[in-house]
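Close look at the chain arrangement
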Amino acid sequence: MLKLFNTLSRKKEEFAPREPDRVSLYTCGPSVYNYSHIGNFRTYVFWDVLKRYLKYKRYRVRHVMNITDVEDKTVRMARKEGKELQEFVKPKIARFLLDMAALNIQRPQVVAPVSKNIPAIISLISKLVAKKYAYVASDGVYFRVRKFRGYGKLGEIRRNAIKEGRNRFDDYDRRYVRDFCLWKFSDKEPNWKSPWGRGRPGWHIECSAIAMKYLGERMDLHCGGTDNIFPHHENEIAQSEAASGKMPFAKYWLHARHLTIRKRKMSKRTGNVAYVHELILEGYTPNCLRFFLLSRGYRSKLDYNEKTLGEGMGFCRAFGKCVKKLKEIRGSGKGNGIGKGMVLRILAIAIGRFERAIESDLNTRRALLAALEVANECGRLSHKMSSKEAGIALGGLRKMGFVLGLKWD
Ligand SMILES: [Zn+2]
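A brief look at the structure comes next. (Residues numbered from 1 in each chain as written. Predicted model: local features only at pLDDT ≥ 70, side-chain atom pairs only at ≥ 80, totals over all residues. Heavy atoms only, no water.)

1. Points about the nonpolar core
Worth spelling out the cut-off: Residues belong to a common nonpolar core when they are buried Ala, Val, Leu, Ile, Met, Phe, Trp, Tyr or Cys residues joined through side-chain atoms within 4.5 Å. Residue burial is assigned from relative accessible area. The probe radius is 1.4 Å, only protein chains are included, and a residue is buried under 20% of its type maximum, exposed over 50%, and partly exposed in between. Runs of H or I in DSSP of at least four residues are treated as helices and runs of E of at least two as strands, each being numbered from the N terminus. For the domains described, the bounds stem from an automatic or database domain assignment. Contacts are residue-level and defined by heavy atoms, with any inter-residue pair within 4.5 Å sufficient.
Of all hydrophobic cores here, the largest spans 131 residues; its most connected members are Ile38, Leu50, Phe143, Leu221, Tyr304 and Met385. The element contributing the most residues to this core is helix α1 (residues 38-56), with ten residues. When we break this core down by domain, the ones giving at least three residues each are domain 1 (3-261) and domain 2 (289-404). Discounting chain neighbours no more than four positions away, the residues touching Met385 are Leu326, Ile329, Gly335, Gly337, Ile338, Val343, Cys378, Ala390 and Ala393.

Have a look at this one:
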């Protein structure tokens, strides 16, 4: 039974989708004001393993991801470079999709840039305005946080800790300091027509609108990085549940920790970044990068340094070596065989351990070690194996390789 740590309940829960054989999954995608680095991909690789495992367990998974291509920072940086917004974001989106493919991350069925989903956003804001969960101010449309009773349930913000009254030093024309912008008036490009005036959407509303457009008013899984919990996901819950009147908006909220580099968060701002395509050029294969990224569970710390990267590379090389050996035997097995039953028994034990590791809140480290151990054992016995047995062993490794997202040639 798959157990996942649900940020909403703050405990590990048994995963039971709303429909028995289908899973709806939403992941917050990248902000494309800059190129994504290996740290950004840590979270995407985990959701990819989760999705692959669900598929391996025969669920039909519908996966949607947004791309934040309209947002204050992006608009500011495009202007600074004297470029149109689309001209500015296009190479970053292209690079993100290329790196995603290079890392063997399965592409979501829907990859939705905000700029292509403005009508859905406007219609969601209209609903909130009609229900008086949103109000129109002089500089934009805001969500009325105090009207939504459940505010703070995800990020554990206590109601009495939410300051009352308007912040005098606020630059925005909102009535209350926690109210957040749904639509920002702007007469400069990029802007769109709306019932309240020309402007562009705030950041949080895009994920609610895109998730609801493609997955419906409620979904099974909503994933992101830990820095999305508050305010982004808190605000998503408020907007979505207020508009639909249904809850929970997402049954399970999963959050992955960030990759650090020499103990600090990998960040473009501080310049301590490594990019996927550069690492590949340096000779790290995509399989090795996945081994590295998965060498600690998604809720555990992972620091990018020579030691951790080296450990991931070591796992990867050892696994690759065993697979290669088995392939050779499969091609020209001269051994008498160790008995098909024995091969199947080794695999069954290993796959059992592998599944238990994944089902224990995606413990990818234990899963990797289980895969590696069986690979080593099969490698050790391979010279005695017949071609057929080597083929069976490879089949078992391939199953685990599929879930881990290893490329296989
Ligand atoms: Zn989001």
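2. Brief notes about the packing of aromatic side chains
The line we're drawing: Stacked, tilted and edge-to-face pairs are distinguished by plane angle, under 30 degrees for stacked and over 60 for edge-to-face with tilted covering the rest, among Phe, Tyr and Trp rings (Trp via its six-membered ring) whose centres lie within 6.5 Å.
What the rule picks out here adds up to 17 aromatic pairs. Ring centres 5.3 Å apart and planes at 80° place the aromatic pair Tyr44 and Phe96 in the edge-to-face group. Taken together, the residues Tyr44 in helix α1 and Phe96 in helix α3 (residues 85-102) connect sequence positions 52 residues apart. The pair formed by Tyr44 and Phe96 is uniform in burial state, with each residue classed as buried. Centroid distance Phe46 to Tyr298: 5.9 Å. Interplanar angle 55°. Geometry classified as tilted. Within this pair, whereas Phe46 is found in helix α1, its partner Tyr298 is found in the loop between α8 (286-293) and β14 (302-304), the two being separated by 252 residues in sequence. Residues Phe46 and Tyr298 agree in their burial class; the two are buried.

3. What about the coordination of the zinc ion?
For clarity, the threshold we go by: Only N, O and S atoms count as donors, using a 2.8 Å cut-off from the metal and 3.2 Å for Na, K and Ca, and because water is excluded some sites may appear unfinished.
All of the protein donors around the zinc ion are Cys28 (SG), Cys207 (SG) and His232 (NE2); their distances to the metal are 2.0 to 2.1 Å. For the zinc ion, the single-chain donor residues occur in sequence as C-x178-C-x24-H. Residue Cys28 is found in the loop between β3 (22-27) and α1, and its partner His232 is found in helix α6 (residues 229-244); the two are separated by 204 residues along the sequence. A relative accessible area of 0% means that His232 is categorised as buried.

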